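Coordinate inspection notes
What follows is the residue order along each chain.
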Amino acid sequence: MVLRRNGVAKELARSSASVLIFLAFAAAFAPKAASLVRAQSADTSTSTIQAQIDDSTAHINQLNAEISQLQTQLDATTKQKQTLQSAVQALNLNIQKITKSITLTQAQIAQKDSQISSLTGNITVTAGKIGASQGAVAESLRELHQLDDESLATVLMSGGTLSAFFDQAASLAALRSDLGNHIEDLSSLKSDLLTSRTAAQQKRADLAALKQNLAEQKQGLAVARDAQNELLAETKNKESNYQALIAQKKAEEAQFEQDLLRYEQQLNLTVSSGALPPPGPEFIWPVANPKITQYFGNTPFATKNPQIYSGHGHTGIDLRASPGTPVHAARSGVVVGTGDTDLTCRYASFGRWIFIQHDDGLSTIYAHLSVILVSSGQHVATGELIGYSDTTGYATGPHLHFGVYATSGTKIASFPSAGCRPKMFTIPVGTLSAYLNPLTYLPPIGQ
């Protein structure tokens, strides 16, 4: 009777084990079912967000097309004869372009926000699925450990049957197979989670860059509006006044070049050719989407105006840059000087300028700026915003003058202005061989 009861007890224990296995499977799949419901809800939310992203993409494409059209009109206007009407029209187009660019950047920011929200939702759902899979794996491992403890001899001696043992073995094999599937799913989910997190981090970095770009564009818009107001105030909206202003600028620049040439002839600076890097990209372009409007050396404009360039040609390159265009450091370095030649003699020279010394034996100058955002002694990183372009100094049209100098043959010096006595100019100067062609050290446009 005791043996009979022991057999019943063992059978009940095996039955209980089967029930536990069933419950374990149920516990494993129930969270997955709940996760599936959450995933379906998340999918619905993701679909809504994706629709918003698609709409914003269409809007962004439209804004890019409109900006491109405005730039085409702006290019056509700047090629026209220099008149007050064309100058005002160019400023109006530039303001429209910057305003449209601000709208574009705001749309891009909204799109990045939507993409981050979508990725955050994916991360939450994936993390939930990982938690469910981890629970299922843990439960399966416990059941496997329990079943592995019972050998054939143990089952038979406890009153079990061979058929029951094989049933239990089949259950064990199924449980192991399910455990393998859980582990494979868990590995895949972890990979998905890492991918989503990496994508979200990149989107956040893109968002930060867009917000910085937006701040730059808003400041650039203020500069462009100031330039327009200043032009209208100076000319009193009269063409004759505008042409007189252009003539005054040319005269002041011609006098400045004579002053500079006399001073440079007295310099005892020399350029050590061994200190110069070999030709090749040393710098990045200081403005976005660069377009050269005047090259280095004896360009047609320089040779047609020898009274301005003293016969030795253009000392840098001019880049298209409407008032308010952000200007960035072409390479990391130390700001060794900034200044404003208009304080000495208006329209004569660089206007507001920045001079940066780099670690490769070269220095760079950025001229005709409206706003200077750095100071002497400051270290700047490659691509760092240092100012905004304008038409200060000698600039009959908006542009950025970008020059490259051999550091060994250059210094910042002061010399008297014959045209605006008794004031002194303070600018970077160098021996003739210190002026280098910037294109020697810039990447090809478009790279």
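Residues numbered from 1 in each chain as written. Predicted model: local features only at pLDDT ≥ 70, side-chain atom pairs only at ≥ 80, totals over all residues. Heavy atoms only, no water.

Points about the overall build of the protein chain
This is how the line gets drawn: Strands are runs of DSSP state E lasting at least 2 residues, helices are runs of H or I lasting at least 4, and numbering of each runs from the N terminus. Accessible area is worked out with a 1.4 Å probe on protein chains only. A residue is then buried under 20% of its type maximum, exposed over 50%, and partly exposed in between. The contact definition used throughout considers only heavy atoms, calling two residues in contact when any of these lie within 4.5 Å. Note that accessible areas follow from Shrake-Rupley with a 1.4 Å probe, and for residues the cover is restricted to the protein chains shown.
For the protein chain, the helix and strand inventory stands at seven helices and 12 strands. When each of the 447 residues of the protein chain is scored for burial, the buried share is 44%. Partitioning the contacts of the protein chain with sequence separation of at least 6, the portion at a separation of at least 24 is 77%. Working note: accessible area of the protein chain is about 22,300 Å², and carbon and sulfur atoms make up 55% of it.

Topic: the state of the cysteines
As a reminder, the rule being used: Throughout, a disulfide means two cysteine sulfur atoms within 2.5 Å of one another.
A full pass over the atoms with the stated rule returns one disulfide. Put simply, C345 and C420 are joined by a disulfide, and their sulfur atoms are 2.0 Å apart. For the disulfide bridge between C345 and C420, the dihedral angle about the S-S bond is near 50 degrees, and by the sign convention the bridge is right-handed. Pair noted here: C345 is in the loop between β4 (333-340) and β5 (352-357) and C420 is in the loop between β10 (410-416) and β11 (424-430), with a separation of 75 residues, a long-range link. For the pair shown, C345 and C420 are each scored as buried.

Some details on the packing of aromatic side chains
So the rule is basically this: Note on aromatic contacts: the rings of Phe and Tyr and the six-membered ring of Trp form a pair at centre separations within 6.5 Å, being stacked when their planes are under 30 degrees apart, edge-to-face when over 60 apart, and tilted otherwise.
Scanning the model with the defined rule gives eight aromatic pairs in all. Between the aromatic rings of F256 and F415, the centroid separation amounts to 6.2 Å while the plane-to-plane angle is 35 degrees, which identifies the pairing as tilted. Of this pair, F256 sits in helix α5 (residues 239-264) while F415 is found in strand β10, placing the two residues 159 residues apart along the sequence. There is no split in this pair, since F256 and F415 are both buried. Between F355 and Y405, the ring centres sit 5.3 Å apart and the planes meet at 90 degrees, which makes this aromatic pair edge-to-face. Taken together, the residues span a long stretch of sequence, with F355 in strand β5 and Y405 in strand β9 (residues 399-406) at a distance of 50 residues.

A closer look at the pairing of β5
Using the following cut-off: Strand pairing is defined by DSSP finding a minimum of two bridges between the two strands.
Bridging between β4 and β5 involves six bridges; their strand directions are antiparallel. For T338, the partnering residue across the bridge sits in β5 and is I354. Taken together, the six bridges between β5 and strand β6 (residues 362-372) define a ladder with antiparallel strand orientation. By the bridge assignment, I354 is partnered in β6 with Y366.

Observations concerning the environment of E253
Relative to the assigned elements, E253 resides in helix α5. A sequence separation of 140 residues divides E253 from G393, and the C-alpha atoms of the two residues are 8.5 Å apart.

Topic: the nonpolar core
Here is the rule we go by: Grouping buried Ala, Val, Leu, Ile, Met, Phe, Trp, Tyr and Cys residues that are joined through side-chain atoms within 4.5 Å yields what is termed a nonpolar core.
Counting 27 residues, the largest nonpolar core has L319, I354, I356, Y366, I386, L400 and F402 as the members making the most contacts within it. Listing elements by their share of this core, those giving two or more residues are β2 (317-320), β5, β6 and β9. Looking at this core element by element, the count peaks at four residues for β9. With sequence-adjacent residues up to four places away left out, I354 is seen in contact with V335, G337, T338, T364, I365, Y366, L369, I372, V374 and I386. Counting residues in hydrophobic clusters, the runner-up holds 19 residues, among them A367, F425, I427 and V429.

Section: the pattern of salt bridges
We count it as follows: Should a side-chain nitrogen of Lys or Arg be within 4 Å of a carboxyl oxygen of Asp or Glu, the pair is scored as a salt bridge.
Here the structure, examined in full by the defined rule, presents nine salt bridges. For the salt bridge of R320 with D75, the shortest nitrogen-to-oxygen distance reads 3.0 Å. Taken together, the positions of R320 in strand β2 and D75 in helix α1 (residues 2-78) put the pair 245 residues apart, joining distant regions of the chain. The partly exposed category is assigned to R320, whose relative accessible area is 24%. A salt bridge links R346 to E230; its shortest N-O distance comes to 2.7 Å. Highlighted residues: R346 in the loop between β4 and β5 and E230 in helix α4 (residues 162-235), separated in sequence by 116 residues. Judged by its relative accessible area of 36%, R346 falls in the partly exposed class. By relative accessible area, which is 37% here, E230 ends up partly exposed. What emerges from the salt-bridge pattern is a single network uniting E282, R331, D359 and D360.

The values are spatial; any link to function lies outside them.
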